[in-house]
Structure formats: C-alpha cells, structure tokens
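Breakdown of the fold
Each chain, letter by letter, is given below.
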Amino acid sequence: MTAITEFSVAIQKRVGRKRLLKAWKFLMGTVPFLFIIGMWELNTHFGWFPPIEIPPLSDVWGAIFFLQTDCPGFVAAMQQHNECNLTNNIMSSVGRVILAGFVGIPLGIAFGILAGMNRTISGYLEPIGIFMNSVSGIAWIPLAIVWFGVGWETTLFIMLNTIFWLIFFNTMMGVRAVPKVLVQGVQTMGGSYFDTIKHVFLPGAMPSIITGMRMSLGFGWRALIAAEMIGGDSGLGFMIFVSAVEFKTEEVFLGVILISLIYLISDRYLLVPLEKWTIERWGLVWKPT
Amino acid sequence: MSGEAKLIIQDLCHHYPDEYTGESVHALEGINLQVYENEFVAIVGPSGCGKTTLLNIVAGLLPYREGRAMVDGNEIHGPGPDRGVVFQEHAILPWRSVARNIGHGLELQRVPKEETRRRVQEYIDLVGLSGFEDRYPHELSGGMKQRVAVARTLCADPVIMLMDEPFAAVDAQTRITLQDELNRIVMATRKTILFITHSVEEAAFLGDRCIVFSRRPGQIKTEIKIDIPREERVWKDMADNPKFTEARDKILRLVRQEVTSDDEH
Amino acid sequence: MSGEAKLIIQDLCHHYPDEYTGESVHALEGINLQVYENEFVAIVGPSGCGKTTLLNIVAGLLPYREGRAMVDGNEIHGPGPDRGVVFQEHAILPWRSVARNIGHGLELQRVPKEETRRRVQEYIDLVGLSGFEDRYPHELSGGMKQRVAVARTLCADPVIMLMDEPFAAVDAQTRITLQDELNRIVMATRKTILFITHSVEEAAFLGDRCIVFSRRPGQIKTEIKIDIPREERVWKDMADNPKFTEARDKILRLVRQEVTSDDEH
Amino acid sequence: MTSIDLQQARLFKWKKFATEGAGRLIIFLVGSIILWALISEFLIARPDRYLPSPLAVLLSSADMLNKGSLLSFYSDTLTRLVIGGAVGIVIGIPIGLLLGLNRFVADMFYPLMNFFQSVSGIAIFPVVVIWFGNSDTTVLIVILYTSFFPIAFNVLSGVRSVPVRYIQAARTLGASRLQVVRDVLLPGAMPSIAVGTRLSIGFAWRAVIAGEMLAGRPGLGNMIFSGQEFDNTAQIILGMVMIGITWIVLDHFLLRPLESDTIERWGLVSR
Amino acid sequence: QKEVTIGAAGNTGGLAIFVAQDKGFFSKNGIDVKVEIRNTGSELSKGLRSGEFDYAPAAFTNLPVALERGFDVRGFVGYVGAAFEKTTADEVVALIASKESGINTMADLKGKKVGVTFGSTGDLWLRQAMKEAGLGTNDLERINTRPPSLVSVLDTGGVDAIVGWEPFNFRATQKVAGSKVVKRGGDLVCFCAYLHGNPDRVYGDEETTQKLVDAVSEAAAFVRNPANRDEVAEIGARFANATKEEVMAGLDFWVFDPRIGSNTAQAFRNSVNLLIEQKKMKAPYDPARYLDSKFVRSTMERHPEWFADLGKGS
Ligand SMILES: Nc1ncnc2c1ncn2[C@@H]1O[C@H](COP(=O)(O)OP(=O)(O)OP(=O)(O)O)[C@@H](O)[C@H]1O
Ligand SMILES: Nc1ncnc2c1ncn2[C@@H]1O[C@H](COP(=O)(O)OP(=O)(O)OP(=O)(O)O)[C@@H](O)[C@H]1O
Ligand SMILES: [Mg+2]
Ligand SMILES: [Mg+2]
C-alpha cells in the first residue's frame, strides 16, 4: 500500500466510511449552487444581463434591509408594524397557512373519518371531492374574488379549499385501511362509537393524515402564492407580484427564494420527521398514495 | 355441568344476504347450545360451516333475527364488555404499548388509573410478558401478540370469553406453548370460554366439551365430553394419555366425515 | 480430468471494505481451482464463507486485486457472454416474454433473427416450456422461471456456466424435478458448470467433483470426486446408490465440522 | 321464489343502484344541479353576480360557442398543455435517466433540483414575466418548469429501483452499457415513468390555468379571470366546470390507463 | 414595408393610436402598424422589453423605476397627457366612493378601504391627495386592484372607494348606484405617457420613427377636434373595452398632446422625486436620458396645422 492509500484508510477508519461518503455527497451537492452564485456574480461584474433582468446578488440581500428600512425593531416587526414590509408579508403568508391548517385539517379529518366509516356519506362526498380536486385550487380564485372580494378572505378560501380535500381524502383512505378487527376489538371491550373513533380510526389513519398534511403544505403553499398574486392584498405572493409590476426585480428574487426556503424548511424539518415518527413508532408500513 | 348456564343459545339460525344476487347464504341452522360457568367449550367443524358466524352473533358483532342468544340471562344486543373476544388476527392496537393495550378495556370502562395499573400488571405477569410493558406490538413476535390479546380480554373480566381460532396464525412450536399457557391461565382464572378452532388436537387438549359442527348450514352434529382434569393437561404428557387420544380420534373421525361428504357434494 | 482447464483460479483473495468502520471483511483466502471442459464442479460451504463472492469474481461482476482468474486462457475483466450466470432469484426480465428472455443473449450479440428463433425454440423444448413462449414471467411459477433462466444462459452458449444456488428459492418437490432436469440438460449439452449450493444432497447428486469451503475467510478445504455416470443420476434410483450415499455423507460430515466450529467461534 | 321475495329482490337491486356506482353518480349529479338551481333561485340575492343558475351558465356557453371564443379558448389551453407538458416530459426523462444512472451526477445535481422543485412554477412567474413579458413563451416556460420535476424525479427513482440483479444478468449475457439502459433500465423504470407522466400532466394542467390568468393569454384560465373582471360570473362557472370535466376525462381515460397498463402488464405490482 | 407593432392600453388613453389605426393615419404617413392591447402599463413595458412590441407607451409613474434598473428606452412622442404647457395633468384621475361608505370628502377616507392599481398613476395621485388632506399611509387601507376589476370591487362592497381613470371612473358612477366622485384631478401629478422604444429601434430606423410621430400627431389633432367627438368615441368603443358613452365621457378629461418640452422634463423629475420618496427609486434620473424631442420638433415644423389648436408652452 502506498502512503496515500494508507492515509486514506486511516482517515476512513477514524471517521467512518459512511459519514465520509455523506460529507462528500454534501460537498458535491453544493458545487452547482456555488457555480450558479458565481455566474450570478460574474453577471453583475460584466453586465451580460441588465440588473432589471438579473439583479446583483448584493441588491437581493440589500432588498431585505430596504424593505425593512423604517422598521423600528424586532418587537415592532412581530407586532406587524406598518413599516416592516418584508416581515409583515412573511407573517401574513405563514399566518394564513397556519390559520387554514387550524381550520382545514380538523374539518378534513372529521369529514374524512365520517366518510371512511360510512359508505353512504363517502358515496356522496367523494364525487364532490374528485370534482373539487380536478378544478385546481387556482381556478377558484376568480369566483372567490367575486364572492369575497380581493383580500385575505379570498386567499384563505383558496387555501382551505385545497387543504380540506387533501386531508379529507387521505383521512378517508386511512380510515378505510384500518382493519375491521381492531374496531371490533374495541367494541367488544365495551367501547362506544365515539371510542372507536378516538382509539381506532383516528390513530389508525394518522400516518395517512400526516401524509395528507405534507401534501397539503405542498399544494396549499403553491395555491396560496398564486392566490396572493391574483386576489390578495398582502403576503409574499403579493409582494413579488407588486414588485414585478414596479420592476423591482431584486425584491422578486428575494421573495422567490424566501418562498422556497420557507417551504423546504417546514417540509424537511417539521412534516418529514413527523411522518417518519408516527410510522416508525407504530411500525406501520408506509403506503405510497 | 356445575353452575348455571352463562351462555344460552336457542334455535339460532342465520342467513347472509348475498351482495350481488340478493339471494341469501344459509350459514347457521337451529343451533341449541349452553355454556355453563367455568366451562371450556371447544367448537370444531369444516371450513365455512358457520363457526365464526356463531361467535360473531354471541359477540354482538352480527345482529340475528331467528332464535335467541343470551348471556347471563340478558338477550344479546350489540357488543359489550361482558363478552370478551380474542380474534385470530392480532386485533391489538399498534399505536398502544403492551400495558395500554391490556388496560384498554378498563380504560373504556373508566376504571380508576391506580386500579387499572394494578390489574394490568397482574395479567402481564400471568401471560409472562413482564418487562415488555412499554413495547409496541410491532416489536413483539406473533405469539407474544396473541398473549397480549388474551391478557387484554381477561383484564376486562368478561362473563364469557370468546376465542376464534386464536392460535391459527402462529407457528406450530409457539402454538403448543400458547396452548399450555392458556390451560394454565384457565386454571388460574377459572374463566368460562367458548373456543373455536380448526385443529382437532387443540379442541381435545383444551375443551371440557367439544362440539362438532356439520357442513353449511352449520348445525350441531355431536358433542363429546373430555374428562381430563386440567392439571393433567400438559402437552408433554398428552401423547400417553388414553383419554386424550381417544377423544381426539373420535372428533377427528366425525370431522373427517363432514369434510368428505363435503367433497362429494 | 479430460480436456483442458476452462476456468483457472490462482491464489485468489478478496477483501470487502466495511461501510461503517472502513475496516475490511476478509471473504476469500488463497483459492486455487481449475474447472475442466465438460466438468460439473459443485461448491458447498457454510453460509457467508464466500461462495457468492467467488462466483461474482468469475462472472466479472466483482473486480479482484489479489490472485488471478482466467476463462479459456483469458484474464477476467468484467462480465462477458463467455460466462453465463444463473442467479438464485429470478433474474429474468419481467417485461420480456419467455421467448424474448431466452433469446436475449443472442439479441445482444446481434445474431440474425432467424437463427435466434431456431435456437430459442430448441432450448424452450429442452427445458420443457413449449407452449409458454409468449407468456410473461409473472404468469409463471417459480420453477418455470428458473427453467427460463437456465435456458437463457444455455442459449447464449457460454464457455462455462455459473450457477449460484439456482434452486434455493423453489419448493422441495419442484427442486427435485429441476435437479433431474438439469442433469438431463447437462448430458444433452455437455456444458462446463460451476455450481454453488447450500444443499449437500444437491452437490452430491449433480457434481462430478464437489469442493468444500471452510468458514470465512473462505478457503478450499477438501475436494471429493463423485464417480457416478450421468445416466445413472436419477433421483428415484439414488437412495439405493452406495456411491451417492457415501459421497453425500462424507460431504455432510465435512460441512458439519465447519458449521460446528463456526458455532464454537 | 315467492312474489314477495321477487319484490324484495327488486327493491334490493334498486337500492343497490341508488347507493353504488354509476347510479349513485347520476343521482348525485342531477341532485346537485337541482340544488344549485334552487340555491341560485331562492337563496342568493343577486344570482347573476354571485351564483348564476345552471341555465344561465348553459346560456353563457351557448353564447360563447356562438361567438366561437369558447372553442378557441379551449383549443388554446389544450395546445399549451400539450406543448408545455410534452416538452417538460421530453426534457425530464433523459435528465432523470442521467441522474439515475450516474451516482456522481446525481450527488451533484440532486440538491439543486430539489431546491428548484420547491420553488413552485407559479412563484417564478413574476421573474419570467420580467424576462419574457406577458407572452405565450412565459406561460409555456411556467408549464414546462412545473411539469419537469415530477417526471424527472420519478424516472430517477424508477431507474434506482430496478433490481441490480437484472442489470448483472444482462451484463453477463454480454450487454453493453447502452444495451443495459435500453433493455433493462428503461423498461424497468417504465412504471415510474408512467406515474411521473401522470403527475407531470396534472401539475402542468394547474400551471396552464394559473399562467393564462396571470399572463392574460387567451384560454380557459383567462376566460374565468376576465369573467371576474367584467362581472360575468356565469362565464367563470362555465370555465371552472370545463376545467374540471376536462381534467377528469383526461385523467380517467388517458393517464390512468397509461399508468395501470404498464404496471399491470408486467405484473410489477400486484394489486 | 415592414409591419410595426405598437402596444396600447385597453383604456381610452390610447385614442390617438386607435384613431390613427382606424382612420388610416399610419398608412397615410407610410407605415404599416399592428396594435396590441394590454390591461396595464406594466404589462406594456414588459412586452416592449421582451420584444413583443416595437413601440409602447409608459407613464411617468412606473417607467422611471424600470429605467433606473437598466431598461433602456427613449420616449419620442406624447401618447396621452399634457406636460408641455404645464407640469401636471390629472383631470382624468378621480376618487369615487360608494353610497354606503359615507365618504364625502378626502378626510372621510380615514380607516376606509380604497381600491387602486399599485404602481399606477392613480396610486401616485392617491398618495399625493392623501398628503394634501393630511392623511398618513396608515390612515387607510389600499387594496391592489387591476383596472378592469375596479368597478366590480366597488360594486360588491369589497372596497369603500376606488381611484381610477377613464373609462372606469365614468363606468363606476353609472353602474354602482349612488356612487359619486369625491375628488377629481387637482394638479397633483402628471398622468403623462409617451410612446417609446429602445434606442436601437428608435434611432436604427429614424425614418419609421419619424413617420410614426407624424401619424400620431395627426391622429391626436383629429381626436382633439370637437367636430369629431362622435366618430372618435365610436372608434374608441371598438378598441378599448368600453361603450361609446364611456369613451365620450372620457374625452372631457384626457388631453392628447404629442409635444415634448422642458415642462415634460420637469414633470418627469417631479415624478421621480415622488418615487424616491416612496422608496421605489434610489437616485434621481436625468430626463434627458429618456426624452428626445427631436422627432416631434420636426413634425411641428413640417405640419404646424396639427398643433394649431394647442396652447403655448415650453
Ligand atoms: N359477510 C358475509 N356475507 C355473505 N356470506 C358470508 C359472510 N360471512 C360469511 N359468509 C358465508 O357464511 C358461511 C359461514 O362463514 P363462517 O365465516 O362463519 O365460517 P367458519 O366456520 O368460520 O369458516 P372458517 O373455518 O373458514 O373460519 C361461509 O360459507 C361464508 O362464505
Ligand atoms: N458487498 C459486501 N460488502 C461487505 N461485505 C460483504 C459484501 N458481500 C458479502 N460480504 C461478506 O463477505 C462474506 C462472504 O459473503 P458471500 O455472499 O460470498 O457468502 P456466501 O458463501 O455466498 O453465503 P451464503 O451461503 O449465505 O450465500 C460474508 O461474511 C458477507 O458478510
Ligand atoms: Mg372462521
Ligand atoms: Mg451466496
């Protein structure tokens, strides 16, 4: 063995081959990002594309401070002070997701459980759901504007409409997949109708519900951004649309990057672990939908 | 039989409606059966003869129209904690730990926490699962899961325990162990049990009385008393027990008749 | 041995790197082996001793560093049609019909269509799959799938055929049939074969020579000649064949030794 | 059978028809249209503005058909879907293949693709508009962008999930790298490609509607959007109904059979 | 003779272009023109950037922002507005309140919702009007509304008032029962838009540019002539999404003056200053880098008759 292979084997032994491979993989993954950022900087330097098409990286960074210029500080930002443009828009988007989740998820679960337990109910709810899902959330925006006007009601409606049906379908499928003996088991121990929901259907459908929540976040977030652009008066979607109208490309870039980061982070660090946790904890096999 | 009849079935018939043709499947015909206190009744019969149907009716999971079925003098209407059921597949909940599965019946009946804990521990020890209290079902073997199911039913202290081929899904070796254990538990708890099985050996080994069903529509063909004291019922001694082999062979012959005539059919 | 050596292995060693620690697993140690033309060599040995490793190296699926391995005088570098492999699991392609699976090797070598069709038909007949030409693998039983795999390898006409526990995944009854059949095929085609198995009976029944591996790191422990004419090798006569029983018991003893010493380890 | 039995059987059949399958669907559809008409007629103060009656929607469709705009909107939208979706898929398949085949390339570009996938097509719309204006190009780019990722990722995982044994078997039969791709990896990834195609077209469909709305290009999306701007609610609902029906037809009769065919034909998945 | 594509907004502000097209002033002056209609000024600018149009108009409200970020264009003839005689022209902009809102004066706007197209001249005007009335940015809620939706959001009660221009203002007063104009114009801003193209286009083919200026000037004169009101309104109704009455009503407020002068430059500067104040721009932008009066001057010299009815200015 040469000195180099000896050295490499020594390192592999110390750190562990798997971990080294992981680190290597991570490094490789950053290469294209670095390349893109490099090209971006070069563009600023050589001016291949004007700033109106591709704003300098520093401008995108600067846009954060520009948007927050007259924001008195962190506390004020949390209180949604009028001058804290960026944080206000972030909070209104995120807030709407949370609000829609708070309303849509329990509703979807409730109806999903009912439909899963009762063929007649599901027989009538299912076609509505299929049609609602086919008319993609975005296609509801014009009608929602007619009904609710431009503003938060419309965006919330669009979000709810998206979230509700996804959760509904996933819960229904989850409930239907719960083995009948589990229900009978609880019934024969003196469990009431409500007990079977609480002890069997709800936990049994949980992995499926959480998968539904993941999908909701994905589809809902997209629908929200679109709704904010077309029929909203605040939020990140609204911000990038208005900024684009006013040719403030750096704010558009900033908004787009924030939109995907918020989604990526909440999916990766919130829902994926949650999904894994329920599935692994209960040893339920995950079925791709 | 000593004591009063815990379970009384009179002239019970059952028809299933057919989903497609609207015609009905005749599953049970004129069943008359009584199970007395502390008695262990085993039912055997060819596949599809209506054993599960009978058990489901007794468990209250299947409504019936013709005949009567009473537990402890009360007509059966729907499931209730007076009849505990052990199903073939593991009907224990994957999202509850062993202890919480076993205590589930008590929880549903709102028994105080302290009392629940005490009784759960008692049954965990009884079925030999000490140390596994906080495990989840997917971490257990098939035999252990069935032990949890038995303990769960016992813990709710039913008037009668209904078991539908509880050991059919475990391997032969484990099955023998579980049978020995069930025997020990029956001795310890003196439960009244209605036990359904495919296995003639199992019926002869466990039952005080064995009821042989005919082909569909299920009717009671014969019943055989098995007079072996529970203390003597241990598998390692069974091969030499003439009472056992005799009962077993007799049941086997009766069941064979049914199956063969079924084939001719 | 008649003829020249088709496969020559000299001082072959193999180490696997460990994924976690970076330390290596020593799988093979100083293997020296020759397989002659028309010879059937069976390899047995305890689980994990490196049999599959050896076969993968010969197949060219695993690069090796220490020692040499040559087929027909050519050093082995990567897989090639001169070495046909039959794997344990059905490695036939689900999206090709039986005929197209069998003709795949010829297709890859751009043999003319007409010629391919003729040869495919010949091998389909040989393995007894006539009438199944246009079926897809998922429509076949396990044994039939393995027949397709054997026919596919034969059809490409390799210098040597490598088989890694080809019958391990089929049930006992089918297995016996397949062994009889393979024997018949070997007689008909006179192929050179390196055959790996767990089953001592299989090795004694099929092999001209049986090589027993030691525990890991796999080394050749002994080799045993089995001098039964191929025509006599039929399962129904085997129980009375003293040469067979003798060889089988001898191999069994040797393998047992390895396994037991493994347990003590 | 007695006459009572017969009657019961008839009742049973009728009940079955009413609670299952096509019968239930028909009852459901007719029922919901009647309900809609009733709500529109009696509950809503200004139905023409908030919820026009089914008849009004029908009349509006007749009107638009007459002007010829309905069909032209419809064909515009479908054309965009087909072009954008097809280009997305045609680019997505080879890229997915490349990533599936080569670990090195995959390690390098997977995180990048993952990042851009999470930037939804609609969110990049404002950027694309700055580059290409409110043109067809913009809409097509957004469609292409959204349809690219599902297919690429599915092909990638499809290729990865082909058992190594299949590849080894082909190699030992003398297959070259290219032949392995052609004979093993592509067909092996076929079910995933079918699933990905269906997903891609689904995403593309949403993108078409959103893109037309935002860019104001003529089509179904714009039809519902201008319906809102010009106070023509019947036109909005007509557009939505057409969008829904088109997707159900497309998905049910074209994409789903495509998916189940490949999967079931080779028995790759037992259902 | 190559076809030239000109973008125009779908409102009555584009009358000169519509008339030039319809009455054949383009072909008369020797160019072949195709007119494309968009809803907002920003859509027009983006279309020009992406090459959809050869020439398009943009107002002084959103154009400077784009100019600062490297959008390179030259304005060479007036499209709508009158920043030649004075630096403001905003009679066409108005605040219209619904009956239910109870708004009678600007001061009543406090705490109300106002629909306005963000980044439009209407938006700039609203801010100025608020400043004049002593209202801060937090005193009312501005709702971003695309021009065609202005009337319907006022109608549904989604907003209490709207700020728009013709034909939307007139349409709102007609369609929304009880709504009325609370404030109109007031010399706060300049609703001025100029036709422009990128320098390559404008100077690369000066002949075409000149012909275009000639045609637009002639058409503007035609539009301004009170004798043609009826015909102009009819043409407008065909091009813009508006009825004849709506166009007619707009004619009282729009000014069509193709000339470019020092007041134009001043109007531009004023606009830029307001944008800087609103944090939309960072630094002043020299109007000379945008405006080029040489083509209109040439037209004025050759065809003084097309400008005879207009007042003096610089
Ligand atoms: N839900 C049902 N609908 C219609 N027919 C049924 C239904 N359940 C059972 N049957 C029929 O009734 C008959 C008796 O069924 P049952 O399950 O009671 O038999 P079993 O004795 O338990 O059989 P096994 O020993 O196989 O468990 C069978 O012929 C079965 O096909
Ligand atoms: N890819 C690998 N990486 C690391 N170690 C491996 C790898 N493949 C096999 N091994 C190890 O090498 C040894 C020999 O493996 P091999 O598969 O050749 O055994 P085998 O004789 O075929 O066993 P079996 O009879 O069970 O098939 C085993 O201990 C195994 O754990
Ligand atoms: Mg049964
Ligand atoms: Mg092996």
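Preceding this section is the structure that the text describes.
The rules behind each value
Residues numbered from 1 in each chain as written. Chains lettered and ligands numbered in written order. Predicted model: local features only at pLDDT ≥ 70, side-chain atom pairs only at ≥ 80, totals over all residues. Heavy atoms only, no water. Near = heavy atom within 4 Å. Polar contact = N/O pair within 3.5 Å; in protein donor to acceptor, adjacent residues only side chain to side chain. Areas by Shrake-Rupley, 256 points an atom, 1.4 Å probe, with all protein chains shown as cover. Nonpolar A, V, L, I, M, F, W, Y, C, P; charged D, E, K, R; others polar. Salt bridge = Lys/Arg side-chain N within 4 Å of Asp/Glu carboxyl O. Buried < 20%, exposed > 50% of the residue type's maximum accessible area, 1.4 Å probe, protein only. Helix = DSSP H or I, 4+ residues; strand = E, 2+ residues; numbered from the N terminus. Phe/Tyr/Trp six-rings, centres within 6.5 Å; stacked < 30°, edge-to-face > 60°. Lys NZ or Arg CZ within 6 Å of the ring centre and 35° of its normal. Pairing = 2+ DSSP bridges. Contact = heavy atoms within 4.5 Å. Axes fitted to C-alpha atoms, helices over the stretch in contact; angles between N-to-C directions. Parallel < 35°, antiparallel > 145°, perpendicular 65-115°, else oblique. Left-handed = near helix turned anticlockwise from the far one by under 90°. Disulfide = S-S within 2.5 Å. Buried area = accessible area lost by both parts, 1.4 Å probe.

Our focus in this paragraph is the site of ligand 1. All names here are of chain B. What surrounds ligand 1 is the set Y16, A27, S47, G48, C49, G50, K51, T52, T53, E165, H198 and R216. A distance of 3.4 Å separates an oxygen atom of ligand 1 from a polar atom in the side chain of H198. For ligand 1, whose accessible area on its own is 630 Å², the fraction buried by protein is 65%. Its residues assigned to classes, the shell around ligand 1 shows three nonpolar, six polar and three charged.

Next up on the list: the pattern of salt bridges. Under the criterion given, the structure shown has 77 salt bridges over all chains. The salt bridge involving D:R256 is made with D:D251; its shortest N-O contact spans 3.2 Å. Exposure remark for D:R256: the relative accessible area of 37% places this residue in the partly exposed category. The salt bridge involving E:K294 is made with E:E206; its shortest N-O contact spans 3.2 Å. You can see E:K294 sitting in helix α13 (residues 294-302) and its partner E:E206 sitting in helix α9 (residues 206-224), a full 88 residues away along the chain. A network of salt bridges, in which partner residues are shared, links C:R96, C:R100, C:E107, D:R182 and D:D183.

Right, let's get into the packing of aromatic side chains. Inspection of every chain in the model, using the stated rule, returns 45 aromatic pairs over all chains. Aromatic side chains A:W140 and A:F157 sit 5.9 Å apart centroid to centroid with 65 degrees between the ring planes, which places their arrangement in the edge-to-face category. On the criterion of sequence distance, the pair formed by A:W140 in the loop between α6 (119-134) and α7 (141-148) and A:F157 in helix α8 (residues 152-177) is long-range, its members being 17 residues apart. An angle of 75 degrees between the planes, with centres 6.2 Å apart, marks the rings of A:W147 and A:F157 as edge-to-face. Note that A:W147 is positioned in helix α7 and A:F157 in helix α8, a separation of ten residues in sequence. The partly exposed category is assigned to A:W147, whose relative accessible area is 30%. Above the face of the E:F253 ring, E:R184 is positioned so that its terminal group lies 3.6 Å from the ring centre. The ring of A:F66 carries the charged tip of E:K282 above its face, separated from the ring centre by 5.5 Å.

A few words now on the site of ligand 2. All names here are of chain C. In the neighbourhood of ligand 2, the contacting residues comprise Y16, A27, S47, G48, C49, G50, K51, T52, T53, E165, H198 and R216. C49 places a polar main-chain atom, nitrogen or oxygen, 3.1 Å from an oxygen atom of ligand 2. K51 is positioned with one of its side-chain polar atoms (N or O) 2.8 Å from an oxygen atom of ligand 2. The fraction of the free accessible surface of ligand 2 (630 Å²) that becomes covered by protein chains is 64%. Here the element with the most residues in the shell around ligand 2 is helix α1 (residues 51-59); it accounts for three residues. Here the shell around ligand 2 is built from residues that sort into three nonpolar, six polar and three charged.

Residue and element names in this part refer to chain B. Within the open sheet, the four strands sit side by side as β2-β1-β4-β5. Their pairing is antiparallel. Two strands in the sheet have a free side with no partner beyond their single neighbour: β2 (24-36) and β5 (74-75). One ladder, built from two bridges, connects strand β4 (residues 66-71) with β5; its direction is antiparallel. Within the sheet, the bridge partner assigned to V71 lies in β5 and is N74. Along the sheet face, helix α1 (residues 51-59) touches β1 (5-17) and β2 and points at about 120 degrees away from the line of β1.

In this section: the packing of α6(A) against α8(A). Relative orientation and spacing of two packed helices are given, respectively, by the angle between their axes and the distance between those axes. All names here are of chain A. Packing of α6 against α8 leaves a shortest axis separation of 11 Å and a crossing angle of 140 degrees. Looking at the two axes, α6 sits oblique to α8. α8 is crossed by α6, and the crossing has left-handed handedness. Where α6 abuts α8, its residues R119, S122, L125, E126, I128, G129, I130, M132 and N133 lie against N161, W165, F168, F169, M172 and R176. For the contact of α6 with α8, a count of residues per class yields eight nonpolar, four polar and three charged.

Here we come to the state of the cysteines. Enumeration according to the criterion identifies two disulfides over all chains in this entry. Residue A:C71 pairs covalently with A:C84 via a disulfide, S to S 2.0 Å. Because the sign of the S-S torsion sets the handedness, a value of about 80 degrees for the bond joining A:C71 and A:C84 places this disulfide among the right-handed ones. Note that A:C71 is positioned in the loop between α3 (57-67) and α4 (74-78) and A:C84 in the loop between α4 and α5 (85-117), a separation of 13 residues in sequence. For A:C84, a relative accessible area of 0% corresponds to the buried category. Sulfur-sulfur distance for the disulfide between E:C190 and E:C192 comes to 1.5 Å.

Below, the discussion takes up the sheet that holds strand β3 (residues 40-44) of chain B. All names here are of chain B. The strand order β6-β7-β8-β3-β9-β10 describes an open sheet built from six strands, whose pairing is mixed. Only two strands of the sheet have a single partner each, and these edge strands are β6 (83-86) and β10 (220-225). On average, each strand axis in the sheet is inclined to that of its neighbour by 20 degrees, with strand direction left out of account. Here strand β9 (residues 209-213) pairs with β10 via five bridges, running antiparallel. Following the sheet pairing, R209 is matched in β10 by K225. Strands in contact with helix α5 (residues 142-155) are β6 and β7 (160-164); relative to β6, the strand with the most contacts, it is inclined by about 180 degrees.

What follows covers the side chain of E:D123. Residues and elements named next belong to chain E. Summarising the element assignment, D123 is placed in helix α5 (residues 121-132). Within the local environment of D123, its side chain forms a polar contact with the side chain of R142, the two groups lying 2.9 Å apart. Beyond its immediate stretch of four places on either side in the chain, D123 contacts V116, T117, F118, R142 and K280.

Another aspect to go through is the interface of chain A and chain D. Contact residues are listed per partner, giving 49 residues for chain A and 48 residues for chain D. For the pair chain A and chain D, the summed buried surface comes to about 4400 Å²; carbon and sulfur atoms form 79% of the total. Considering only the surface of chain A that becomes buried against chain D, A:Y124, A:V146 and A:R222 emerge as the three largest contributors, covering 13% of it. Seen at the junction of chain A and chain D, the total is zero salt bridges. Linking chain A to chain D there are three residue pairs in polar contact (both at pLDDT 80 or more).

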